[in-house]
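Listed below are the residues making up each chain.
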Amino acid sequence: MYHALYASPVGKLRIVADDIALKQLWLPNEVERRAPDADWIESVTHPIIASVMHILTEYFAGNAVDFNTIPCEPEGSEFQQAVWQQLRDIGYADVVNYGTIATAVGRPRGAQAVGGAVGANPIAIILPCHRVLGKDGSLTGYAGGLDVKKALLALEGIPYKESYQEKILELPL
């Protein structure tokens, strides 16, 4: 396995790939609490890692990019794989909700299960789970933290509603 750190506007990201595909992309909170495996090789010149760095640079420069040019092989259950494939189909600056994905993977009442799979996405940003909002267009959470999700949505010009929970936290005591 190969890995490299990428300094992004939302913080340090760790890119993890093998010789065939991107396997993981860690968000800043994950970079802070996890270390790469001892046998991983650090390389910014590895072809897949270099390709991911290039597309992330374009993305963070505000350019509409197609993340599907990056070969991805996340590890997960069959259900998670189906959900993650739906994430790949969300275009730049587009959004979907959990219910839409649940219907697309054949579990129309499985929005919560979809939420769990989205939250377990090992390839953040490239498999754009930040583009999944609540049914009413609200933020519902993000494994990398709501500040990162808000920054990614703002970068793409995607409007959203503050979540009910977030509004409660903002009320003066």
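Residues numbered from 1 in each chain as written. Predicted model: local features only at pLDDT ≥ 70, side-chain atom pairs only at ≥ 80, totals over all residues. Heavy atoms only, no water.

- An unreviewed UniProt entry annotates the protein chain as Methylated-DNA--protein-cysteine methyltransferase originating from Leminorella richardii.
- Check the Function (unreviewed entry) section of the UniProt entry for the protein chain; it says "Involved in the cellular defense against the biological effects of O6-methylguanine (O6-MeG) and O4-methylthymine (O4-MeT) in DNA. Repairs the methylated nucleobase in DNA by stoichiometrically transferring the methyl group to a cysteine residue in the enzyme. This is a suicide reaction: the enzyme is irreversibly inactivated."
- Per UniProt, the protein chain has the following entry under Subcellular location (unreviewed entry): "Cytoplasm". (UniProt positions renumbered as here; feature names shortened; annotations may be inferred.)

### Overview of the side chain of K23
At step 1: Examined against the element boundaries, K23 turns out to sit in strand β3 (residues 22–26).
At step 2: Note on K23: relative accessible area 10%, which makes it buried.
At step 3: What K23 contacts, discounting residues up to four positions off in sequence, is M1, V16, A17, D18, E73, P74, E75, P122 and I123. (Helix = DSSP H or I, 4+ residues; strand = E, 2+ residues; numbered from the N terminus. Buried < 20%, exposed > 50% of the residue type's maximum accessible area, 1.4 Å probe, protein only. Contact = heavy atoms within 4.5 Å.)

### Overview of the packing of aromatic side chains
At step 1: Taken as a whole and assessed by the stated rule, the structure comprises 5 aromatic pairs.
At step 2: On the basis of an interplanar angle of 55° and a centroid distance of 5.2 Å, the ring pair of Y59 and F67 is categorised as tilted. Each member of the pair, Y59 as well as F67, is classed as buried.
At step 3: Between Y59 and Y92, the ring centres sit 6.2 Å apart and the planes meet at 85°, which makes this aromatic pair edge-to-face. Of the two residues, Y59 sits in helix α2 (residues 47–60) while Y92 sits in the loop between α3 (78–88) and β5 (96–97), which places them 33 residues apart along the sequence.
At step 4: Joined through ring pairs, the aromatic side chains of Y6, Y59, F60, F67 and Y92 make up one cluster.
At step 5: Residue placement shows R107 over the ring face of F79; its charged tip is 4.6 Å from the ring centre. (Phe/Tyr/Trp six-rings, centres within 6.5 Å; stacked < 30°, edge-to-face > 60°. Lys NZ or Arg CZ within 6 Å of the ring centre and 35° of its normal.)

### Re the UniProt feature "active site" (unreviewed entry) in the protein chain
At step 1: In the numbering used here, UniProt assigns the feature "active site" (unreviewed entry) to C129.
At step 2: Apart from residues no more than four positions distant in its own chain, C129 is found in contact with L87, V118, N121, Y142 and K149.

### Regarding the pairing of β3
At step 1: The element β3 is largely enclosed, with a buried count of 5 among its 5 residues.
At step 2: As judged from the 4 bridges shared by strand β2 (residues 11–17) and β3, these two strands associate in the antiparallel manner. Its bridge partner lying in β3, V16 is registered against Q24. (Pairing = 2+ DSSP bridges.)

### Regarding the environment of A104
At step 1: Along the chain, A104 falls in helix α4 (residues 98–104).
At step 2: Through-space distance from the C-alpha of A104 to that of N29 is 30 Å; in sequence the pair is 75 residues apart.

### Observations regarding the environment of I126
At step 1: Assignment of secondary structure puts I126 in the loop between α5 (111–119) and β6 (132–133).
At step 2: For I126, a relative accessible area of 1% corresponds to the buried category.
At step 3: Distance in space between the C-alpha atoms of I126 and N68 is 7.9 Å, their sequence separation being 58 residues.
At step 4: Excluding residues within four positions of it along the chain, I126 makes contact with L22, L25, V52, I55, L56, F67, I70 and C72.

### Remarks on the packing of α3 against α5
Packed helices, taken two at a time, are described by the angle between their axes plus the distance between the axes.
At step 1: The interhelical angle for the contact between α3 and α5, taken along N-to-C directions, is 80°, at an axis separation of 9 Å. In this view, α3 runs roughly perpendicular relative to α5, as classed from their interaxial angle. Contacts between α3 and α5 pair F79, Q80, V83, W84 and L87 from the former with A113, V114, A117 and V118 from the latter.
At step 2: Partitioned by chemical class, the residues of the contact of α3 with α5 number 8 nonpolar, 1 polar and no charged. (Axes fitted to C-alpha atoms, helices over the stretch in contact; angles between N-to-C directions. Parallel < 35°, antiparallel > 145°, perpendicular 65-115°, else oblique. Nonpolar A, V, L, I, M, F, W, Y, C, P; charged D, E, K, R; others polar.)

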